[in-house]
Each structure stands twice: as structure tokens, then as C-alpha cells.
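As a plain string of letters, each chain reads:
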Amino acid sequence: FSFKVGEDRFLNSLIVSPDGSYCACGDTVQKPMPLLIWDLKQQVLIHDIRIPDHEFDMKQAMVSNHYIAVVVKHIETELLNFVNVYEFQSSYNKYNFHEDASITSLFLTPDDHHLILGLADCSIVIHHLGSSVAPITITRMHRTPVDLMTSGAIQKGVPIIVLFSNVCVANCTLRWRKRWASTH
């Protein structure tokens, strides 16, 4: 669905940060679709981010209190999509992740320390934001790509991330708890 903002923007999405300070959206009128970031406390548009020949896939985006992680697609080619992570304060492209398969889902952990990506080849990649720790790749856990990720409680310092695909539901905590502990 779309809703009207002012006189010249039709938005196809609206994602609000957990603390209600920021929201991000895509403008369906403008092509390629930009990433718009609003400061809700000041009630102003603070960033209008555009990448030539690319558009932001707001259906595959997530916000925290500090970042937005969003999938970026090439417009004219069949090249693989990728993820950009922007800081709200500066609109600085803090992280850029290109994987070996298209990204089907993403999850930014509530503590802003990890970005978890579901890929079209059914693998899961866990990036540790803010450090040089190599990403953790989990394979052979699903037979179909992960479409959606959500989090539950934190147990012993490890967030429980629930992964959904169109066929199965799995809790990946046990599979990567050992690997997680070795990187912290």
C-alpha cells in the first residue's frame, strides 16, 4: 500500500526505529527508488540517499536505534544484490556486504553488533559489525532460502534468532553458539 506525504511523495514502506527517533522509507514515484530517512523528533527529512543505477529494496530492510540495513538491487542487470548499512546520524555508508548469492532476508540484532543474512543458496551469513572478525557461514541448515528472521530472548549472552523459510522453522542458536563464543 502507499500513503501520501506532502504533495510529491508516495511511500511504499515505513520502518520506525525501536526508540521512535527515526523512520526510513522508499519513494515509489522517483526512479530509481531512493532511501529517505526522517528524524521524527525534529520532524524533518534528514537524508535522501541515492545510488546511480540501483534502488533500495525496502521490503528487505531493518532499522535499529543507530543504523538501517537495506538490500540494494541493480536496476538494469542481473547482478547479485547486496546490503548497505547506514548510520542515521550521518547517513555514512558504514558497511557494505556483497555475498556469493542473492540476499533473501536480513536481520540486524537489537544490540547493533551483528547483521545476519539469509541467502538464495539457503546459507546464513553472520557478520560481526564493528570488528574485523570473519563472518560465520552456516550451510545445510535449510532446504529453501530463509525469507524472514526475528529475534527472541537473549540466553547466556547469545540472542536467539528464529529463521523462517516457506517450508520450515528453525532456531539456529544451538548450531552457532559454539562459533559465537569463539569470536567473543
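These numbers were taken from a predicted model, which means no experiment stands behind them.

(A) Spatial organisation of the state of the cysteines. Applying the stated criterion across every chain yields a total of zero disulfides. The thiol sulfur of Cys-23 is not disulfide-bonded, and the nearest other cysteine sulfur, from Cys-25, lies at 5.5 Å. For Cys-23, a relative accessible area of 6% corresponds to the buried category.

(B) Layout of unusual backbone geometry. We note that Gln-43 has phi near 60°; this positive angle belongs to a residue other than glycine. Looking at where Gln-43 falls in the secondary structure, it is placed in the loop between strand E5 (35-39) and strand E6 (44-49). Even without being a glycine, Cys-122 presents a positive backbone phi close to 75°. The residue Cys-122 is located in the loop between strand E12 (114-119) and strand E13 (124-128) in this model. Residue classification places Cys-122 among the buried positions, given a relative accessible area of 12%.

(C) Seen up close, the sheet that holds E13. Within the open sheet, the four strands sit side by side as E11-E12-E13-E14. Their pairing is antiparallel. In this open sheet, the two edge strands, each paired with only one partner strand, are strand E11 (103-108) and strand E14 (136-138). Ignoring which end each strand starts from, the neighbouring axes of this sheet average 15° apart. Strand direction decides the pairing type here: E12 and E13, joined by five bridges, are antiparallel. For His-114, the partnering residue across the bridge sits in E13 and is His-128.

(D) Focus on a nonpolar patch on the surface. A contiguous nonpolar patch, built from Leu-14, Val-16 and Leu-40 and spanning about 230 Å² of accessible area, is present on the exposed surface. Along the chain, Leu-40 turns up in the loop between E5 and E6.

(E) Looking closely at the packing of aromatic side chains. Under the definition given, this model contains four aromatic pairs. Taking 6.2 Å as the distance between ring centres and 65° as the angle between the ring planes, the aromatic pair formed by Phe-56 and Tyr-86 counts as edge-to-face. Highlighted residues: Phe-56 in strand E7 (residues 54-63) and Tyr-86 in strand E9 (residues 82-87), separated in sequence by 30 residues. When sorted by exposure, Phe-56 lands in the same class as Tyr-86, which is buried.

Procedures and definitions
- Residues numbered from 1 in each chain as written.
- Predicted model: local features only at pLDDT ≥ 70, side-chain atom pairs only at ≥ 80, totals over all residues.
- Heavy atoms only, no water.
- Disulfide = S-S within 2.5 Å.
- Buried < 20%, exposed > 50% of the residue type's maximum accessible area, 1.4 Å probe, protein only.
- Helix = DSSP H or I, 4+ residues; strand = E, 2+ residues; numbered from the N terminus.
- Pairing = 2+ DSSP bridges.
- Axes fitted to C-alpha atoms, helices over the stretch in contact; angles between N-to-C directions.
- Patch = residues over 30% accessible without salt bridge, like charges linked within 9 Å, V, L, I, M, F, W, Y side chains within 5 Å.
- Areas by Shrake-Rupley, 256 points an atom, 1.4 Å probe, with all protein chains shown as cover.
- Salt bridge = Lys/Arg side-chain N within 4 Å of Asp/Glu carboxyl O.
- Phe/Tyr/Trp six-rings, centres within 6.5 Å; stacked < 30°, edge-to-face > 60°.

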